[in-house]
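Structural features, examined
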Amino acid sequence: MAETPEIPYEQARDELISVVQRLEVGGTSLDESLALWERGEELAAICQQWLDGARSRLAAAAGAPDQDAESDET
């Protein structure tokens, strides 16, 4: 089983929204923009990890095969 992310989903999502808004507004230096972009990538990966874990738990609870297992068969 994958390791649990270091921050809760809601916190990662809210910070990601803030990062995107700051990038959209502009007014930051190139270095700041790159740092924001990198943080946004990290936060998006954390959110995806939480969502993948939730999807797996729902599939297990429903008795359905894991989606990854299905995609491996095709």
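This text follows the structure it describes.
Since the structure is predicted, the reported quantities are computational estimates derived from the model, not experimental observations.

Describing the overall build of the protein
In terms of helices and strands, the protein carries 3 helices and 0 strands. Mapped from its N terminus to its C terminus, the protein presents α and β elements in the order α-α-α. Within the protein, the fraction of its 74 residues that count as buried is 14%. Restricting the contact set of the protein to residue pairs at least 6 apart, pairs at least 24 apart contribute 68%. Surface summary for the protein: the accessible area is close to 5,800 Å², and the carbon and sulfur share equals 54%.

Thoughts on the nonpolar core
Listed in full, the 7 residues of the largest apolar core are Ile7, Ala12, Val19, Leu36, Leu43, Ile46 and Cys47. Broken down by secondary-structure element, the contributors of at least two residues to this core are helix H1 (9–25) and helix H2 (30–62). Per-element tally for this core: the top contributor is H2, with 4 residues. Residues in contact with Ile7, not counting those within four places in the same chain, are Ala12, Arg39, Leu43, Ile46 and Trp50.

Focus: H2
Because the α-helix completes a turn every 3.6 residues, residues three or four places apart line up on one side. With 33 residues, H2 should cover 48 Å at 1.5 Å per step; its first-to-last C-alpha distance of 47 Å lies within 8% of that length. Of all the positions in H2, only Leu36, Gly40, Leu43, Ile46, Cys47 and Ala59 are classed as buried. In this structure, the buried residues of H2 make contact with H1. Once H2 ends, the next one or two residues include Gly63, with phi positive near 80 degrees.

Reading the values: rules and limits
Residues numbered from 1 in each chain as written. Predicted model: local features only at pLDDT ≥ 70, side-chain atom pairs only at ≥ 80, totals over all residues. Heavy atoms only, no water. Helix = DSSP H or I, 4+ residues; strand = E, 2+ residues; numbered from the N terminus. Buried < 20%, exposed > 50% of the residue type's maximum accessible area, 1.4 Å probe, protein only. Contact = heavy atoms within 4.5 Å. Areas by Shrake-Rupley, 256 points an atom, 1.4 Å probe, with all protein chains shown as cover. Core = buried A, V, L, I, M, F, W, Y, C linked by side-chain atoms within 4.5 Å. Expected span 1.5 Å × (residues − 1).

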